[in-house]
Amino acid sequence: MEYLPVCLRLRGAPVLLVGGGTVATRKARLLLRAGARLTVVAPEASAELQELLQDAGGEWRADAYAGPADLADQSLVVAATPDAATNRAVSEHAHVAGIPVNVVDSPELCSFIFPAVIDRDPLLIAVSSSGRSPVLARLVRRKIEALIPAAYGGLAEFAGRWRDRVRDALPEEGARRLFWEQAVEGSIGELVLAGRETDAAGRMEQRLADSTDLHRGEVYLLGAGPGDPDLLTFKAVRLLQSADVVLYDRLVAPAIVDMARRDAERIYVGKARAAHAVPQQDINQLLLSLAQAGKRVVRLKGGDPFIFGRGGEEIALLASHGIPFQVVPGITAASGAACYAGIPLTHRDHAQSVRFVAGYLKGDRVEHDWSQFTSETETLVFYMGLVGLPVICRELQAAGRPADTPVALIERGTMEGQRVLTGTLATMDDIVAREKPRAPTLIIVGSVVTLHKDLAWFGARED
Ligand SMILES: C[S@@+](CC[C@H](N)C(=O)[O-])C[C@H]1O[C@@H](n2cnc3c(N)ncnc32)[C@H](O)[C@@H]1O
């Protein structure tokens, strides 16, 4: 490590800035934000810099840098002039005087450098490339910024307000750390991030009053989306990375399971059609017992947990035992696969409603009142319908949908190798028999399917 990252307290501290141009103005803004008592030495200063100094009560001395005398009593120096000789002189004098110095764009003259900062005051995240590539550091900052919601600042404030109370209630360091980990990463942190500070405070009181509460686990039921890992929500990623145990389904992409902490336990409970790896009741029970053992459990489900996902059943048992849980929506297969296939499910020229329908066979039947599916301005999306496709096409025609109603079958929607087969209620059966698509597949019925040929953008187009 070439530099030690530290956070300097500059409130009220005298700081000298040599230079008055654009770069110096940028540095001045940062130093003033940290509360520095700023003196600028430069023959000329930008209008913005003058205004900043005026607002913050800083001083501008309209002069050239005069030498070591200018450094007297300063706690920090920044040189940002266009003149290399001046910058070098400032650096040398500061080194002699033992004052930390930064020279813009000259890491070799610096005793400290400015990192790129993600400011979620009071939470600060600094990114540095040790002076090698400020552009790369800024790029990394942008990526982190997207992952850290602005509300994290509020969470840090909240924790700060409770710090003394928690220290008094839990003098033992280990217990206190566990308490904070659970509070910040668990439901209390989530309540604060959701803007529900009063509820979060109530939860803190409760946890401090009842130490057994400290060891209670939680369950997060997360929608993992239809396949493409980039379709996961920020919240799902955050909770996934906080889990001790992850239970996942067959349809969850391995890249998503890999986002869990390295030391998190991973339990496969996936189901293929008619071949349940772990029976549903056992999954429900497992979630309960893991949470009762104090674990933070993530239950990852393909798509959205509440759409043909049995998510409701899994949390019902937790609710009846008073285990805290959260449910995070995911992009359901209908939405994800249709978007990636270029089929707008409710394009206004074609459909005014869309219906998600279970398409699995019970015996040799797909059990529905088929007379409810006759509207030509409604798009139908069948989940789990591959095996029952011949029955679906037959029943829809028998109910009155025209034989030439367009049908699309999307195989592996949003994933590498996505394939879209299109036909009609009359022809789809043969097309599927010929092409032999493999699960998971989604079936879309309605005239919106005709838009696919112009709007397809992802993966291979059908010829
Ligand atoms: C048990 S349901 C779960 C649905 C999931 N909860 C959701 O919201 O997407 C499984 C069915 O979803 C559909 N499905 C899930 N992922 C899919 C994908 N990537 N491409 C096509 N269909 C998919 C298939 O019809 C599959 O049989």
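Residues numbered from 1 in each chain as written. Predicted model: local features only at pLDDT ≥ 70, side-chain atom pairs only at ≥ 80, totals over all residues. Heavy atoms only, no water.

**Details of the overall build of the chain**
Right, on to step 1. Across its full length, the chain carries 16 helices and 19 strands.
Right, on to step 2. What you see for the chain is a C-alpha radius of gyration of 30 Å, clearly larger than the 23 Å of a compact globule of 463 residues, by over 25%.
Right, on to step 3. Here the C-alpha coordinates of the chain stretch approximately 95 × 55 × 35 Å along the principal axes.
Right, on to step 4. The buried share of the chain, reckoned over its 463 residues, is 46%.
Right, on to step 5. Put simply, of all contacts in the chain between residues at least 6 apart along the chain, 62% involve residues at least 24 apart. (Helix = DSSP H or I, 4+ residues; strand = E, 2+ residues; numbered from the N terminus. Rg over C-alpha atoms; globule rule 2.2 N^0.38 Å. Buried < 20%, exposed > 50% of the residue type's maximum accessible area, 1.4 Å probe, protein only. Contact = heavy atoms within 4.5 Å.)

**Remarks on the domain arrangement of the chain**
Right, on to step 1. Along its sequence, the chain is organised into domain 1 (14–114), domain 2 (149–215), domain 3 (216–331) and domain 4 (334–455).
Right, on to step 2. Of note, the centres of domain 1 and domain 2, computed from C-alpha atoms alone, are 41 Å apart. (Domains from an automatic or database assignment.)

**Here we look at the UniProt feature "modified residue: Phosphoserine" (unreviewed entry) in the chain**
Right, on to step 1. UniProt annotation of "modified residue: Phosphoserine" (unreviewed entry) refers to Ser129 when read in the numbering used here.
Right, on to step 2. Within the fold, Ser129 resides in the loop between strand 7 (123–127) and helix 4 (134–147).
Right, on to step 3. Take Ser129: its relative accessible area is 18%, and that puts it in the buried class.
Right, on to step 4. The residues contacting Ser129, other than those within four sequence positions of it, are Pro134 and Ala137. (UniProt positions renumbered as here; feature names shortened; annotations may be inferred.)

**Describing the packing of helix 11 (residues 280–292) against helix 12 (residues 311–320)**
Right, on to step 1. Where helix 11 contacts helix 12, the two axes come as close as 9 Å, and the packing angle between them is 40°. Here helix 12 runs oblique to helix 11, going by the angle between their axes. Relative to helix 12, helix 11 is oriented so that their crossing is right-handed. Contacts between helix 11 and helix 12 involve Gln280, Ile283, Asn284, Gln285, Leu287 and Leu288 on the former and, on the latter, Glu313, Glu314, Leu317 and Leu318.
Right, on to step 2. Across the contact of helix 11 with helix 12, the residue classes break down as five nonpolar, three polar and two charged. (Axes fitted to C-alpha atoms, helices over the stretch in contact; angles between N-to-C directions. Parallel < 35°, antiparallel > 145°, perpendicular 65-115°, else oblique. Left-handed = near helix turned anticlockwise from the far one by under 90°. Nonpolar A, V, L, I, M, F, W, Y, C, P; charged D, E, K, R; others polar.)

**A closer look at the sheet that holds strand 14 (residues 325–328)**
Right, on to step 1. With parallel pairing, the five strands of this open sheet are ordered in space as 10-9-13-8-14. In this open sheet, the two edge strands, each paired with only one partner strand, are strand 10 (265–268) and strand 14. Here the average twist between neighbouring strands, direction ignored, is 15°.
Right, on to step 2. Sheet topology places strand 8 (residues 218–223) next to strand 14; four bridges connect them, and they run parallel. Looking at the pairing, Val219 lines up with Phe325 of strand 14. (Pairing = 2+ DSSP bridges.)

**Looking at the site of the ligand**
Right, on to step 1. In the region of the ligand, 18 residues are neighbours, and Pro226, Ile307, Thr332, Met384 and Thr441 sit closest.
Right, on to step 2. For the ligand, a nitrogen atom lies 2.6 Å from a polar atom in the backbone of Ile307.
Right, on to step 3. For the ligand, the protein covers 88% of the area, taking 580 Å² as the surface of the free molecule.
Right, on to step 4. Looking at the shell around the ligand residue by residue, the class counts come to 11 nonpolar, five polar and two charged.
Right, on to step 5. Both domain 3 (216–331) and domain 4 (334–455) contribute no fewer than three residues apiece to the shell around the ligand. (Near = heavy atom within 4 Å. Polar contact = N/O pair within 3.5 Å; in protein donor to acceptor, adjacent residues only side chain to side chain. Areas by Shrake-Rupley, 256 points an atom, 1.4 Å probe, with all protein chains shown as cover.)

**Structural notes on the packing of aromatic side chains**
Two descriptors summarise a pair of aromatic rings, namely the distance from one centre to the other and the angle between the planes of the rings.
Right, on to step 1. Enumeration according to the criterion identifies 12 aromatic pairs in this entry.
Right, on to step 2. When the ring of Tyr340 is compared with that of Trp457, the centres are 4.9 Å apart and the planes differ by 55°; the resulting orientation is tilted. With Tyr340 in helix 13 (residues 333–341) and Trp457 in the segment after helix 16 (452–455), this residue pair connects regions lying 117 residues apart in the sequence.
Right, on to step 3. A relative accessible area of 53% means that Trp457 is categorised as exposed.
Right, on to step 4. Taken together, the ring pairs connect Phe308, Phe356 and Tyr383 into an aromatic cluster. (Phe/Tyr/Trp six-rings, centres within 6.5 Å; stacked < 30°, edge-to-face > 60°.)

**Observations regarding the environment of Ile392**
Right, on to step 1. Along the chain, Ile392 falls in helix 14 (residues 389–399).
Right, on to step 2. On a C-alpha basis, the gap between Ile392 and Leu16 in space is 77 Å, while along the polypeptide they are 376 residues apart.
Right, on to step 3. Here Ile392 is in contact with Gly359, Val366, Trp370, Phe382, Gly385 and Ile443, once residues within four sequence places are set aside.

**A word on a positive patch on the surface**
Right, on to step 1. Taken together, the side chains of Arg26, Arg138, Arg142 and Lys143 define a basic patch exposed on the protein surface.
Right, on to step 2. In terms of residue count, the dominant contributor to the positive patch is helix 4 (three residues).
Right, on to step 3. Residue placement: Arg142 occurs in helix 4. (Patch = residues over 30% accessible without salt bridge, like charges linked within 9 Å, V, L, I, M, F, W, Y side chains within 5 Å. Salt bridge = Lys/Arg side-chain N within 4 Å of Asp/Glu carboxyl O. Lys, Arg positive; Asp, Glu negative; His and termini not counted. Charge placed at Lys NZ, Arg CZ, Asp CG, Glu CD.)

**Quick notes on unusual backbone geometry**
Right, on to step 1. Of the consecutive residues Asp121 and Pro122, the connecting peptide bond is found in the cis state with omega at 5°.
Right, on to step 2. Structurally, Pro122 is set in the loop between strand 6 (116–120) and strand 7.
Right, on to step 3. With an omega dihedral of 0°, the bond running from Ala439 to Pro440 counts as a cis peptide bond.
Right, on to step 4. Of note in the backbone geometry, Asp73 takes a positive phi value of approximately 70° without being a glycine.
Right, on to step 5. Look at Ser130: it is not a glycine, yet its phi comes out positive at around 55°.
Right, on to step 6. Structurally, Ser130 is set in the loop between strand 7 and helix 4.

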